[in-house]
Amino acid sequence: MTRDFASNELCSTRARAAALLIAAAALNAAGAFAQESQRDGLHAMDVRSSERRLAELEKAFWFCDYAATVSSVDSGTAIACGMLTQELKAKKFGGDFDALVSWWRHNKAAEHGALEAAYRAAPRR
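Trainee: Describe the nonpolar core, and please don't skip the residues or the numbers.
Mentor: Judged by nonpolar contacts, the single largest core of 14 residues is most densely connected at Leu88 and Trp103. Residue assignment for this core shows that the elements contributing at least two residues are helix H2 (47-70), helix H3 (75-93) and helix H4 (97-121). Tallying contributions element by element places H2 first for this core, with seven residues. Leave out the neighbours within four places in its chain, and Leu88 touches Leu54, Leu57, Glu58, Phe61, Phe93, Leu100 and Trp103.

Trainee: Explain the environment of Glu116 residue by residue, including any values.
Mentor: On the secondary structure map, Glu116 appears in helix H4. Taking relative accessible area as the criterion, Glu116 reaches 23% and is therefore assigned partly exposed. Residues Glu116 and Tyr66, spaced 50 residues apart in sequence, show a C-alpha to C-alpha distance of 8.7 Å.

Trainee: Just give me the short version of the side chain of Glu58, but keep the residues and values in it.
Mentor: Checked against the element boundaries, Glu58 lands in helix H2. Glu58 sits in the buried class, given a relative accessible area of 19%. Reaching out from Glu58, the side chain makes a polar contact with the side chain of Lys92 at a distance of 2.9 Å. In this structure Glu58 touches Leu88, Lys92 and Trp103, once residues within four positions along its chain are discounted.

Trainee: Let's hear about the confidence of the model for the protein chain: which residues, and what values?
Mentor: Mean pLDDT over the protein chain: 76, with 61% of residues reaching 70 or higher. For the protein chain, helix H1 (residues 2-40) is the element with the lowest average pLDDT, namely 53, and H4 is the one with the highest, namely 94.

Trainee: For the side chain of His112, give the residues involved together with the corresponding values.
Mentor: Within the secondary structure, His112 is located in helix H4. With a relative accessible area of 9%, His112 lands in the buried category. Beyond its immediate sequence surroundings of up to four residues, His112 is in contact with Trp62, Asp65, Tyr66 and Thr69.

Trainee: Describe in detail the pattern of salt bridges, supporting the description with residues and values.
Mentor: Taken as a whole and judged by the stated rule, the model has four salt bridges. Between Lys92 and Glu58 there is a salt bridge, with its nearest N and O atoms 2.9 Å apart. Here Lys92 is found in helix H3, whereas its partner Glu58 is found in helix H2, with 34 residues between them in sequence. On the basis of relative accessible area, Lys92 is assigned to the partly exposed category, the value being 31%. The salt bridge partner of Glu116 is Arg120, with a shortest N-O separation of 2.9 Å. Residue Glu116 and its partner Arg120 are located together in helix H4, separated by four residues, close to a single helical turn. Note on Arg120: relative accessible area 63%, which makes it exposed.

Conventions we followed
- Residues numbered from 1 in each chain as written.
- Predicted model: local features only at pLDDT ≥ 70, side-chain atom pairs only at ≥ 80, totals over all residues.
- Heavy atoms only, no water.
- Core = buried A, V, L, I, M, F, W, Y, C linked by side-chain atoms within 4.5 Å.
- Buried < 20%, exposed > 50% of the residue type's maximum accessible area, 1.4 Å probe, protein only.
- Helix = DSSP H or I, 4+ residues; strand = E, 2+ residues; numbered from the N terminus.
- Contact = heavy atoms within 4.5 Å.
- Polar contact = N/O pair within 3.5 Å; in protein donor to acceptor, adjacent residues only side chain to side chain.
- pLDDT = per-residue confidence, 0-100.
- Salt bridge = Lys/Arg side-chain N within 4 Å of Asp/Glu carboxyl O.

Written out as structure tokens, the structure reads:
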């Protein structure tokens, strides 16, 4: 029984560490995206820049979603992730929440699997 507890404790610690790293990456991406969006304002953007920013926004969304799935996130991270989700809904789905949810359901397993694999492959200190 002690071994199971220790194993569960290690898994819990790893999950929290992964969630913190993912949340930090998401917040970093959110900050970069917000700065670019503020600079550009509502002016027309070139297609490549827009596509790149959308890809970064999607990546940050998946970081947030994974972090919230494997562990709890603090209120600051939750707020930042909520803002990212709203931005993604507006930019990718024209504000259509049902379309966002459908896309999320279709892609969640693959995206979470990729994040988990990246975490496992990351060097440990």
